[in-house]
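So you can see what is in the structure, the chains are spelled out below.
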Amino acid sequence: MEGSKAVAEAVRLCRPNLVCAYPITPQTHIVEGLSQMVADGRLEAGYVLAESEFGAASIVLGASAVGGRAYTATSSQGLLLMTEVMFNIAGMRLPVVMTCANRAVSAPINIWNDQQDAVSIRDSGWIQLFVEDNQEALDSHIQAFKIAEELMIPVMVCMDGYVLTHTLEPVDLPDQEEVDRFLPPYNPSYRLDPDEPFTMGSMVGPDAYMETRYHVHMDMMEARGVIERVADEFYRSFGRHRGGLVETYDIEGADLVLVSMGSLLGTMRDAVDELREEGLKVGILKVRCFRPFPASAVHDAIKGVGVVGVIEKDVSLGLEGTLCSEMRAAFCGEESPEISSFIMGLGGRDITIEEIKQVARDLASNPACRVEFRGLREELMKGDEG
Amino acid sequence: MAEAARIINLMEPGHTGCAGCGQAIAARLVLKAAGPRVIVANATGCLEVYTTTYPRSSWEVPWIHSLFENAASVASGMEVALKAMGRYEGVKIIAQAGDGGTADIGIGCLSGMFERGHDILYICFDNEGYMNTGYQRSSLTPVGARTTTSPPGRMSWGNKTRKKNIPLIAVAHGVPYVATATPAEPRDLVRKVQKALEIEGPKYLHLLVPCVPGWGYESELSVTMARLAAETYLFPVFEIENGVITKVKKIKERKPVEDYLRPQRRFAHLFKPGGEPILEELREIADENAAIELGPATLFGRVKSED
């Protein structure tokens, strides 16, 4: 099943009251799928055709505020256009679920995959889960509604554009009864209702603003436990463990660990298998939950490893890869491994098994902490000299 | 009005609005007319700030403020979700914003709400500028008005542009009920709110709400200012139903525009030597508004051409 279709089916199984989105490549197949389901009567939900991503985010906000289960999906420019509303949804504690089909951000305009979009709004107060394959995408959406509604914190499921959204993989689709048992109807403790009027979104001054932010922060910190628990519950209900904060692969006894998020992990697993045959003791840490950042899980997973290479499809211009910075923070106040940043695959540039193996070999021979772009085309690097 | 007055105040006093605030008078009347079975989506602006300074709230109805530009979208999501959940019966939805939130930053969301045909009453409280941020110019600021971003000076006579015609923009979307009103005529305002809420689909009500500090007049004159705006025809009061102008407020004794302009500090510079051409333009605008007739709503008012 195509990744987008798997997500649309997962969202249908979660019985949203309202679906609203604005088309943007490569998110479109998801919302096309959902609108067809509504047209065919397979999904009984309000489907709103928004005039922009900003409007779409505001519409799901309104739906959630009256107690509806609301879903939207976007990518790249669309996500950035939503940004003001994203902070607002999170601050108002509305458990909206969104798919971000990860795509590069303009300029230059580029419709292909990287993860700059989601990473750029990491501080909006949304839980961000990055998935590796279509089954994980499907499973994560079902978990996302449960996590969001338990914590009253919105959840964004990030899946690599094209690599997952437009790629066919076999997936196991749960039946409605199974999902209904796992995900009860949304029954919020507060919603806009003429029978119990209350004011939402009031003006908060210096006397209380900081405390509201503190509460959101503390609940985000606690979300880490909830995300792990929901993954366990999902395993008990569906027999698959697809969720949680981090995953490791071949990390036992590794001298060197490669870290990443999203679909690249599949390629990295193949690279590590080959590297192990070459005699290099390389392991993998998959960061599945980017916000809240699972600092202690990350720390525990790679504690004692001397060298870490973070391969990521985003860059905090003027510093390094963002995930790399987060990894360093996980070792605050302790002896840290050498953690290097490898910026790769921006704007849909392919990342090959060989390139990943080369990163590992280079780190093995020179572990010194550094920031590098990999996979650049030499003929385009001459620029000014030419 | 007597009937409406019997209904309890759904926007309670004790808020921090300015003494004499025209918007506060109008907003209270809107809810008196609408009754308690409403949900309100409110844009950022004076009304939001002075009624909901945490931990207090003036609102006796369910009320939400999200952002400056998205009240129409938030209301759209509420309406569709309530219908999908089977909880819409007997509930009315009102979206409300100022002139900036309506005509400038929020017009995309408003257009979406109109075009999709949501069952929502949208109310624009037009005080002709960004008064909450200190009297800056919006696209509904009138010609010649001094604002802090359209100041008169050696090279300027204040705001150069005419008010954007939002009621006709609503009509062009096929909005079945479009009307204007002022708090100077509470009975008319209440009637229009109640009539709008009886109609299925999007409704647009444009209220001129005088602003004491922004316009610069004595605080007891808000209602007078609203009345003079209508009586000079600088703010035409009308109703448009299904694209047809069905009612235009009859002015028994039309007042010269100067009667309205003189008490306001924002127009004081127009009465200095050299201000006459701007006054003349305002008279022309009043003439155009006075010519609005019953019948199909076609363009009235025009965009001022470049000098």
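Let me begin by describing the structure that accompanies this report. As the structure is a computational prediction, the values presented were derived from the model and not from experiment. Position labels on residues start from 1 in each chain and follow its written sequence. Chain letters start at A and ligand numbers start at 1, both assigned in the order the entries are written. Local features in this predicted model are restricted to residues whose pLDDT is 70 or higher, and side-chain atom pairs enter the listing and the counts only when it is 80 or higher, whereas totals over whole chains, interfaces and linings include all residues.

1. A closer look at the packing of helix α1 (residues 3-13) of chain A against helix α2 (residues 28-40) of chain A
Residues and elements named next belong to chain A. As a reminder of what qualifies: Axes, fitted as lines to C-alpha atoms, cover a helix only where it is in contact. Angles between the N-to-C directions of the axes lie from 0 to 180 degrees. The numbering of helices and of strands both runs from the N terminus, where a helix is a DSSP run of H or I of at least 4 residues and a strand a run of E of at least 2. If an angle is under 35 degrees, it is roughly parallel; if it is over 145, roughly antiparallel; if it lies from 65 to 115, roughly perpendicular; otherwise it is oblique. Rotating anticlockwise by less than a right angle from the far helix to the near helix defines a left-handed crossing, while the corresponding clockwise rotation defines a right-handed one. Two residues form a contact once the distance between their C-beta atoms, set from the backbone, is within 7 Å.
Axis separation between α1 and α2 bottoms out at 8 Å; the angle between their running directions is 45°. The angle between the axes of α1 and α2 places the two elements in the oblique class. The crossing of α1 and α2 is right-handed. Residues S4, K5, V7, A8, V11 and R12 of α1 form the contact with α2, whose participating residues are H29, I30, G33, L34 and M37.

2. Re the packing of helix α3 (residues 53-65) of chain A against helix α4 (residues 71-85) of chain B
Two elements in contact, α3 of chain A and α4 of chain B, have axes separated by 6 Å at closest approach and are oriented at 50°. The angle between the axes of α3 of chain A and α4 of chain B places the two elements in the oblique class. Once α3 of chain A is placed against α4 of chain B, the crossing between them reads as right-handed. In contact with G55, S58, I59, V60, L61, G62, A63 and A65 of chain A of α3 of chain A, α4 of chain B contributes S73, V74, A75, S76, G77, M78, V80 and A81 of chain B.

3. Quick word on the interface of chain A and chain B
The test is simple: Criterion used throughout: strands pair if DSSP finds at least two bridges between them.
In this complex, chain A contributes 38 residues to the contact, which on the side of chain B involves 39 residues. Sort the elements by how many residues they give to the side of chain A that touches chain B and α3 of chain A lands first, with eight residues. The pairing of strand β7 (residues 199-200) of chain A with strand β2 (residues 63-65) of chain B spans two bridges and is classified as parallel. Bridged to T199 of chain A within β2 of chain B is W63 of chain B.

4. Side note on unusual backbone geometry
In this structure, the amide linkage connecting R291 of chain A to the following residue, P292 of chain A, adopts the cis form with an omega of -5°. A cis geometry characterises the amide bond from Y54 of chain B onward to P55 of chain B, with omega recorded as 5°. At D250 of chain A, a residue that is not glycine, the phi angle is positive and equals roughly 55°. Along the chain, D250 of chain A falls in the loop between β8 (246-249) and β9 (256-260). Notably, Y233 of chain B is not glycine yet its phi reads approximately 70°, a positive angle. With respect to the helices and strands, the residue Y233 of chain B is situated in the loop between α10 (222-231) and β9 (238-241).

5. Focus on the sheet that holds strand β1 (residues 38-42) of chain B
Pairing is mixed across the open sheet formed by 10 strands, whose spatial order is β7(A)-β2(B)-β1(B)-β3(B)-β4(B)-β8(B)-β7(B)-β9(B)-β10(B)-β11(B). Each edge of the sheet is formed by a strand with only one pairing partner; in this case those strands are β7 of chain A together with β11 (295-296) of chain B. Of the pairings in the sheet, the one linking β1 of chain B to β2 of chain B comprises three bridges and is parallel in character. Paired with N42 of chain B across the two strands is H65 of chain B, which belongs to β2 of chain B. Against the sheet, helix α2 (residues 22-34) of chain B makes contact with β1, β3 (92-98), β4 (121-126) and β8 (203-208) of chain B, and its axis sits at roughly 160° relative to β4 of chain B, the strand it touches most.

6. Remarks on the environment of P236 of chain B
Inspection of the secondary structure puts P236 of chain B in the loop between α10 and β9. Excluding its chain neighbours within four sequence positions, the residues that come into contact with P236 of chain B are T180, N289 and I292 of chain B.

7. Thoughts on the sheet that holds strand β11 (residues 289-291) of chain A
Residues and elements named next belong to chain A. Taken in spatial order, the seven strands line up as β2-β1-β3-β4-β6-β5-β11 in an open sheet, and their pairing is mixed. The sheet terminates laterally at β2 (46-49) and β11, the two strands that pair on one side only. On average, adjacent strands in this sheet sit at an angle of 20° to one another, irrespective of strand direction. As paired strands, strand β5 (residues 127-130) and β11 are joined by two bridges and run antiparallel to one another. Paired with Q128 across the two strands is R291, which belongs to β11.

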